[in-house]
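What the coordinates show
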Amino acid sequence: MHKLVLNLFNLSRNFLQFFKIFLVFLILVLILFWIRDLAGYHWGWTKYFAPILLPLLDIAQMFFDGSTYIFNAIFEHKYIGVVLIILSFYLVTNLFIQLCNKLEEAYCDGRKFVKKIEEDIYNKKLELVQTAEQNAIKNYVIYIATTDKKQKNRTVNIDLTEQNKIMNKFLIEQTSILPEVFENGFLYKFSDFENIDKILEIFFKVLKSNAPIDYYISVHSYEKSFETEKDNFKKLISLGLVNKISMYSQTAYRYSFNKTQKYETVQHGVFQKDGGTFEILCFEEK
C-alpha cells in the first residue's frame, strides 16, 4: 500500500511536469499560429492544434479585444491574452507540483509518526513480556570453592578443610541455607532472585575476609530445574576465575530486571570451551 501511494505521487508529479512542457510547447505553437495569421500562410499541420488554441483565443478575445498596428501589421491582443492564460496554467501547475510534494512529505512524516507509535507500543508489549519472563526466573545457585592462597615466606601449612568449615559456618549463619557438595566446592541454592543483592553482600564479605585462601564463586539463575543446567554451569566454574563472582550473560540479563541493583555486572571476557562460545561477566561493587 505504501509503495502504491508513493507511485501515485510520482505519477501525479510526472504528469504535472509533462503538462508544464506541453504548455511551453503550446506557447511556441501559438507564436507560429500568430505568424501564420500575420503572414497569411496556410500551414496544414496547425489544424491539429486548432481545437485547443481557437477556444483559448475566443476566451482571450473577451478580455483582450482589439488590435495594434505595428509596421503595417495587425497585432491582435487576444494572442497576448492566450499567452497570459497559458502562463497562468503554468504557474498553477507549479503550485500543484509543490502541493504534491508537500502532501507526499506530510504523508511520509505521518507514516513515520504512526510507525513510531506502533513500534513504541510493540516495544512496550515486548518489554512487558520480557519482564514477565525474566521475573518468572526466581531460582539461582551460588557455587563457592577455595584454594590455598600462595604466599612467600609462609612457615605454616593451611588446613583447607578447616578453612572451608569456617567459611561454610559463616555462610550458613548468614543465609540460613545448607550447602551441597558440588564438584570441588559447595553449592548454595536460593529461590528469590529479586533479593539476590542481600546474598551477594554476604559473599562479598567472604571475598574481603582475611582468611589465607582464595575463592572461586559463580552464580547461575534458572527457572525450573537445576539438573538441566548442571552441565552448563560446570563449564562456568571450570574457568577458575579467582576472587571473582562470575556468571553467564543470561544471569546478568536477569539481574538487569531487578528493581534494585546494588552491584554492577562487568564483562570479564568471551571464552570458548567444548566447541561453544560464551560471554562471562562478574558482579562488582559500585
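Preceding this section is the structure that the text describes.
Since the model is a prediction, treat every value here as computed from it, not as a measurement. Residue positions are given per chain, counted from 1 along the sequence in the order it is written. For a predicted model such as this one, the threshold for reporting local features is a pLDDT of at least 70, and the threshold for listing and counting side-chain atom pairs is 80 or more; totals across whole chains, interfaces and linings nevertheless cover every residue. The side-chain quantities take in all heavy atoms of the structure and omit both hydrogens and water.

1. Re the overall build of the chain
In plain terms, the rule: Labels follow the DSSP assignment, with helices taken as runs of H or I lasting at least four residues and strands as runs of E lasting at least two, numbered in each case from the N terminus. Atoms counted for the radius of gyration: C-alpha only. Globule rule: 2.2 Å times the number of residues to the power 0.38. Whether a residue is buried, partly exposed or exposed follows from its accessible area with a 1.4 Å probe, protein chains only, as a fraction of its type maximum: under 20%, in between, or over 50%, in that order. Here a residue-residue contact requires only that any non-hydrogen atoms of the pair lie within 4.5 Å. Residues scored as positive are Lys and Arg, those scored as negative are Asp and Glu, and His as well as the terminal groups of each chain are ignored. We put the charge of a Lys on NZ, of an Arg on CZ, of an Asp on CG and of a Glu on CD.
When you go through the chain residue by residue, the secondary structure sums to seven helices and nine strands. Computed over its C-alpha atoms, the radius of gyration of the chain comes to 43 Å, more than 25% above the 19 Å expected for a compact globule of 286 residues. Counting only C-alpha atoms, the chain reaches 130 × 40 × 35 Å along its principal axes. Buried residues in the chain amount to 33% of all 286 residues. Contacts spanning at least 24 positions in sequence make up 69% of the contacts within the chain whose residues lie at least 6 apart. In the chain, 34 side chains carry a positive charge and 32 a negative one; their mean positions are 1 Å apart.

2. Remarks on the nonpolar core
Heads up, the rule is: In this description, a nonpolar core means a group of buried Ala, Val, Leu, Ile, Met, Phe, Trp, Tyr and Cys residues linked to one another through side-chain atoms lying within 4.5 Å.
Among the nonpolar cores identified, the biggest contains 29 residues, and Ile144, Phe203, Tyr215, Ile245 and Phe283 are the most heavily contacted of them. Mapped onto this core, the elements with two or more residues apiece are strand S3 (139–148), helix H4 (160–175), strand S5 (185–190), helix H5 (196–207), strand S6 (213–222), strand S7 (245–248), helix H7 (249–255) and strand S9 (276–285). Ranked by the residues each element gives to this core, the list is headed by H5, at eight residues. When near neighbours in sequence (up to four residues on either side) are disregarded, Phe203 contacts Ile142, Ile144, Leu171, Tyr188, Ile217 and Ile245. Among the nonpolar cores identified, the runner-up in size contains 16 residues, and Phe33, Phe49, Leu53 and Tyr79 belong to it.

3. Quick notes on the pairing of S7
Our working definition: The rule for pairing is simple: two strands pair if DSSP sees at least two bridges between them. Here a crossover is taken to be right-handed if, once the strands point away from the viewer, the path from the first strand over the helix to the second is traced clockwise.
Because side chains alternate across S7, one face comprises the buried residues Ile245 and Met247, and the other comprises Ser246 and Tyr248, equally buried. Alignment of S6 against S7, held across two bridges, turns out to be parallel. Counterpart to Ile217 in the pairing with S7 is Ile245. Regarding topology, helix H6 (residues 230–237) serves as the crossover connection from S6 to the parallel S7, and that connection is left-handed.

4. As for empty space enclosed by the protein
What counts here: A cavity here means a set of points on a 1 Å grid, drawn over the protein atoms and nothing else, where a 1.4 Å probe fits but cannot get out; a pocket is an open set with protein on both sides within 12 Å along at least five of seven lines, and a residue lines either one if it has an atom within 4 Å of a point. Grid points are joined across faces, edges and corners, and a volume is the space filled by probe spheres set on the points. Residues are grouped as follows: nonpolar covers Ala, Val, Leu, Ile, Met, Phe, Trp, Tyr, Cys and Pro; charged covers Asp, Glu, Lys and Arg; every other residue, Gly included, is treated as polar.
The full count for this structure, using the stated rule, is one cavity of 30 Å³ or more. As a volume, the largest cavity reaches approximately 40 Å³. Contributing elements (two or more residues each) for the lining of the largest cavity: S6 and H6. Among the elements that make up the lining of the largest cavity, the one with the highest residue count is S6 (three residues). Grouping the constituent residues of the lining of the largest cavity by class yields seven nonpolar, three polar and no charged.

5. Re a nonpolar patch on the surface
We apply this condition: Two distance rules govern patches: like charges are joined within 9 Å, and nonpolar side chains (Val, Leu, Ile, Met, Phe, Trp, Tyr) within 5 Å, applied only to residues with over 30% relative accessible area and no salt bridge. Using a 1.4 Å probe, the Shrake-Rupley method yields the accessible areas, and only the shown protein chains count as cover for residues. The working definition used for a salt bridge is a side-chain nitrogen of Lys or Arg within 4 Å of a carboxyl oxygen of Asp or Glu.
On the surface, Val24, Phe25, Leu28, Ile31, Leu32, Ile35, Trp45 and Tyr48 cluster together into a nonpolar patch covering about 740 Å² of accessible area. Tracing the chain through its elements places Leu32 in helix H1 (residues 2–39).

6. A closer look at the pairing of strand S8 (residues 263–273)
The pairing of S8 with S9 spans 10 bridges and is classified as antiparallel. When the bridges of S9 are listed, Glu264 appears paired with Glu284. Counting the residues that bridge the hairpin from S8 to S9 gives two residues, and of these Asp274 lies at a positive phi of roughly 55°.

7. Considerations on the pattern of salt bridges
Here the structure, examined in full by the defined rule, presents eight salt bridges. Put simply, Lys208 and Glu285 hold a salt bridge, and the shortest N to O gap is 2.9 Å. In this pair, Lys208 is assigned in the loop between H5 and S6 and Glu285 in strand S9, connecting sequence segments 77 residues apart. Accessibility expressed as a relative area gives 53% for Lys208, which makes it exposed.

8. With respect to the packing of H4 against H5
We count it as follows: Lines fitted to C-alpha atoms define the axes here, with helix axes fitted over just the stretch in contact, and angles between the N-to-C directions of these axes take values from 0 to 180 degrees. The scheme is simple: roughly parallel for angles under 35 degrees, roughly antiparallel for over 145, roughly perpendicular for 65 to 115, oblique for anything else. Put simply, a crossing is left-handed when the front helix is turned counterclockwise from the back one by less than a right angle, and right-handed when it is turned clockwise.
Here H4 crosses H5 at 160°, and the two axes come no closer than 11 Å. The angle between H4 and H5 falls in the class roughly antiparallel. When you trace H4 past H5, the crossing you get is right-handed. Within the contact between the two elements, H4 uses Met167, Phe170, Leu171, Gln174 and Thr175 and H5 uses Ile199, Ile202, Phe203, Lys205 and Val206. Considered class by class, the residues forming the contact of H4 with H5 number seven nonpolar, two polar and one charged.

9. A closer look at the environment of Leu8
Residue placement: Leu8 occurs in helix H1. The exposure class of Leu8 is partly exposed, given its relative accessible area of 48%. A C-alpha to C-alpha distance of 9.8 Å links Leu8 and Glu104, two positions 96 residues apart in sequence.

10. Focus on the sheet that holds S5
Strand order in the open sheet formed by seven strands is S4-S5-S3-S6-S7-S9-S8, and the pairing between neighbours is mixed. At either end of the open sheet lies a strand with only one pairing partner, and these are strand S4 (180–182) and S8. Shown here is a sheet whose adjacent strand axes are inclined to one another by a mean of 30°, direction ignored. Alignment of S4 against S5, held across three bridges, turns out to be antiparallel. Following the sheet pairing, Glu180 is matched in S5 by Leu187. The strands touched by H4 are S3, S5 and S6; relative to S5, the strand with the most contacts, the crossing angle is about 5°. Contacting S3, S4, S5, S6, S7, S8 and S9, H6 runs over the sheet at an angle of about 150° to S6.

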